[in-house]
Amino acid sequence: MAILVLGGAGYIGSHTVYELIDASYDVVVVDNLETGYLQAVHPKCRFYQGDIRNRDFIDSIFNAEAIDGVIHFAANSLVGESMSHPLKYYDNNLCGTKVLLESMVAHNINRIVFSSTAAIYGEPEQVPIVESAPAHPTNCYGETKLAMERMIHWTSFAHDLKFVCLRYFNACGAHFSGEIGEAHNPESHLIPLILQVSNGKRSEISIFGNNYNTKDGTCIRDYVHVTDLAQAHILALDYLIKGGDNAIFNLGNGIGFSVNEVIETARRITGHPIPAKVVPRRPGDPAKLVASSQRARDILGWKPQFSDLEVIISSAWKWHKSHPDGFQDNVNVVALQNKSWE
């Protein structure tokens, strides 16, 4: 059984590939390496470099490999960039998914697990957020992810396609081996930004507002370990293979941690004072975002194993401490069966 992982050189995609390999799946990875890293690709998978917007390229993968299911991570995902370059996000995220679905239908590939996001909810009307909550994205990234969900839904309606969409909250942490971890350029996630202070890459961490209606005045978010997310993708794939119906699931711990709590935990783990500076709020930042993942627990049997904040930050610190420049400081690329599409 070969599983095609699109975007398998990216943060969550590479961790999912590692878990798939550990579970004895045969894995094929496709990535254009725009934001992914060759060093993050597991050496036991088959890797093809190319862009899923290229129909000839994606057709060639389905012709060369016996694919039983697709896990789709291939998308641009920076909220700020999506607001300044919206057409880039419509081109890559929507056009890429359109071409992928056309090729899947043509090759009778009928299972897809889609990496969606909690950004589709926008400002929540109630917390914890359930899957039936209204979808009102407040940024272009969330808007394109919601459109991708709908594209998959209507393709399923017209063709023999089964899907699971996984809407997850704040992905964080790193592989416990320390071999792969989070590396974005530019970095926009809280935990890596905090650890950049510990690594001497920045002088302080900014706290965007400390007068929210929360326990300590700072925003509360639901942090879910990347390995737990990876396991959820495998459970979703198994669910479809066993004949499960189309479904959408939230993925989060159901536990909210404030910005102050994350900083204090990082101080304990790294032993660094991590200076923090309160700055004005960012427009549109909700006070509290926490998921209800009960459906995923009940139907998929998913249970986060690494929800403790110290475990999350310790795994992230192990990676960032040994890779202060991300993958850029590791030039010894592992041997891969690397097939590039020209």
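Please refer to the structure higher up on the page.
Remember, predicted model here, so these are calculated numbers, not experimental data. (Residues numbered from 1 in each chain as written. Predicted model: local features only at pLDDT ≥ 70, side-chain atom pairs only at ≥ 80, totals over all residues. Heavy atoms only, no water.)

Novice: Tell me about the nonpolar core, and name the residues and values.
Specialist: Soluble globular proteins tend to pack their nonpolar side chains together in the buried interior. Counting 36 residues, the largest nonpolar core has V5, I12, L20, V27, I71, L166 and L251 as its most contacted members. Counting only elements with at least two residues in this core, the list comes to β1 (2-6), α1 (11-22), β2 (26-31), β6 (162-168), α7 (226-241), β10 (247-251) and α9 (294-300). When residues of this core are assigned to their parent elements, the largest contribution, eight residues, is made by α7. Here L20 is in contact with I3, V5, Y25, V27, I71, I234 and L237, once residues within four sequence places are set aside. (Core = buried A, V, L, I, M, F, W, Y, C linked by side-chain atoms within 4.5 Å. Buried < 20%, exposed > 50% of the residue type's maximum accessible area, 1.4 Å probe, protein only. Helix = DSSP H or I, 4+ residues; strand = E, 2+ residues; numbered from the N terminus. Contact = heavy atoms within 4.5 Å.)

Novice: With reference to specific residues and values, describe the packing of aromatic side chains.
Specialist: As enumerated under the stated definition, the model contains five aromatic pairs in all. Taken together, a centroid distance of 4.7 Å and an interplanar angle of 50° make the contact between F176 and F306 tilted. Placement of F176 in the loop between β7 (170-172) and α6 (190-198) and of F306 in the loop between α9 and α10 (309-322) is noted, with a sequence separation of 130 residues between them. Here W319 and F327 contribute two aromatic rings whose centre-to-centre distance is 4.8 Å and whose plane-to-plane angle is 50°, an arrangement assigned as tilted. The exposure classification of W319 matches that of F327, with both residues buried. A network of ring pairs unites the aromatic residues Y37, W319 and F327 as a single cluster. If you follow R281 out to its NZ or CZ, it ends over the ring of Y212, 3.8 Å from the centre. (Phe/Tyr/Trp six-rings, centres within 6.5 Å; stacked < 30°, edge-to-face > 60°. Lys NZ or Arg CZ within 6 Å of the ring centre and 35° of its normal.)

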